[in-house]
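Spelled out from the first residue to the last, the chains are:
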Amino acid sequence: MASHSLTSDDVRKVAVLARLRLTDAQIEKLTPKLAEVLNYVATLSEVDTDGVEPMAHAIELSNVLREDGVRPGLTREQALANAPKTDGRYFLVPPILEGG
């Protein structure tokens, strides 16, 4: 496994780039964790991927959406049937702006 020597100064630089305010205690705690992540990525980069086609997803996906088609919609009466308030033609809602 590849080894990266990551210092707390490196973590401070990354924190600045990510616009994170970290305490010294947080930096000391995160330094070995970030080093572990970088070592794992370095291990992955050693894998031979020649002839492997890039993928957008880890599993094959197919479009599960139905085809678009014209279908009858609701009548005005059906659309307004469960509304708390209507004037028979439109939904009535409380005003949200002053003077309304």
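Check the entry above for the structure.
If you're wondering where the values come from, they're calculated on a predicted model, not measured in any experiment. (Residues numbered from 1 in each chain as written. Predicted model: local features only at pLDDT ≥ 70, side-chain atom pairs only at ≥ 80, totals over all residues. Heavy atoms only, no water.)

Brief notes about the overall build of the protein
Secondary structure assignment for the protein yields three helices and zero strands. Ordered by position from the N terminus, the helices and strands of the protein form the series α-α-α. Taking 13 Å as the expected radius of gyration for a compact globule of 100 residues, we find that the protein reaches 29 Å, considerably beyond that expectation. In terms of principal-axis extent, the alpha carbons of the protein reach across some 75 × 50 × 20 Å. Taking contacts inside the protein between residues at least 6 apart in sequence as the whole, the part at least 24 apart equals 41%. Taken as a whole, the protein presents about 9700 Å² of accessible surface, with 57% of it coming from carbon and sulfur. In the protein, 11 positive and 15 negative side-chain charges are present, and the distance between their average locations comes to 14 Å. (Helix = DSSP H or I, 4+ residues; strand = E, 2+ residues; numbered from the N terminus. Rg over C-alpha atoms; globule rule 2.2 N^0.38 Å. Contact = heavy atoms within 4.5 Å. Areas by Shrake-Rupley, 256 points an atom, 1.4 Å probe, with all protein chains shown as cover. Lys, Arg positive; Asp, Glu negative; His and termini not counted. Charge placed at Lys NZ, Arg CZ, Asp CG, Glu CD.)

Here we look at helix α2 (residues 24–45)
With 22 residues, α2 ought to run about 32 Å at 1.5 Å a step, and its terminal C-alpha atoms sit 31 Å apart, in line with that. At leucine 30, α2 shows its strongest bend, of approximately 30°, with the proline proline 32 following within four residues. Tucked inside the fold, the buried residues of α2 contact α1 (8–17). (Expected span 1.5 Å × (residues − 1). Bend = angle between axes of the 7 residues up to and from the residue.)

Description of the packing of α1 against α2
Direction vectors running N to C along α1 and α2 enclose 105°, while the axes themselves pass 9 Å from each other. If you check the angle between α1 and α2, you find them roughly perpendicular. Note on element contacts: α2 touches α1 through Asp24, Ile27, Glu28, Thr31 and Leu34, opposite Ser8, Val11 and Arg12. Tallied by class, residues from the contact of α1 with α2 come to three nonpolar, two polar and three charged. (Axes fitted to C-alpha atoms, helices over the stretch in contact; angles between N-to-C directions. Parallel < 35°, antiparallel > 145°, perpendicular 65-115°, else oblique. Nonpolar A, V, L, I, M, F, W, Y, C, P; charged D, E, K, R; others polar.)

Re the side chain of threonine 31
Mapped onto the fold, threonine 31 is located in helix α2. One polar contact links the side chain of threonine 31 to the main-chain carbonyl oxygen of isoleucine 27, over a distance of 2.6 Å. When residues no more than four places from it in sequence are discounted, the contact partners of threonine 31 are Leu6, Thr7, Ser8 and Val11. (Polar contact = N/O pair within 3.5 Å; in protein donor to acceptor, adjacent residues only side chain to side chain.)

Quick word on the pattern of salt bridges
Applying the stated criterion to the full structure yields two salt bridges. A salt bridge links aspartate 24 to arginine 12, with the shortest nitrogen-to-oxygen separation between them at 3.0 Å. Of the two residues, aspartate 24 is situated in helix α2 and arginine 12 in helix α1; the sequence distance between them amounts to 12 residues. Classification of aspartate 24 as exposed rests on a relative accessible area of 51%. (Salt bridge = Lys/Arg side-chain N within 4 Å of Asp/Glu carboxyl O. Buried < 20%, exposed > 50% of the residue type's maximum accessible area, 1.4 Å probe, protein only.)

Quick word on a nonpolar patch on the surface
Taken together, the side chains of Tyr40, Leu44 and Val47 present a nonpolar region at the surface, about 320 Å² in accessible area. Tracing the backbone through its elements, the reader meets leucine 44 in helix α2. By relative accessible area, leucine 44 is classed as partly exposed at 44%. (Patch = residues over 30% accessible without salt bridge, like charges linked within 9 Å, V, L, I, M, F, W, Y side chains within 5 Å.)

Quick word on the environment of aspartate 24
Put simply, aspartate 24 and aspartate 10 are 14 residues apart on the chain and 13 Å apart in space, counted from C-alpha to C-alpha. Polar contacts involving the side chain of aspartate 24 include one to the side chain of arginine 12, which spans 3.0 Å.

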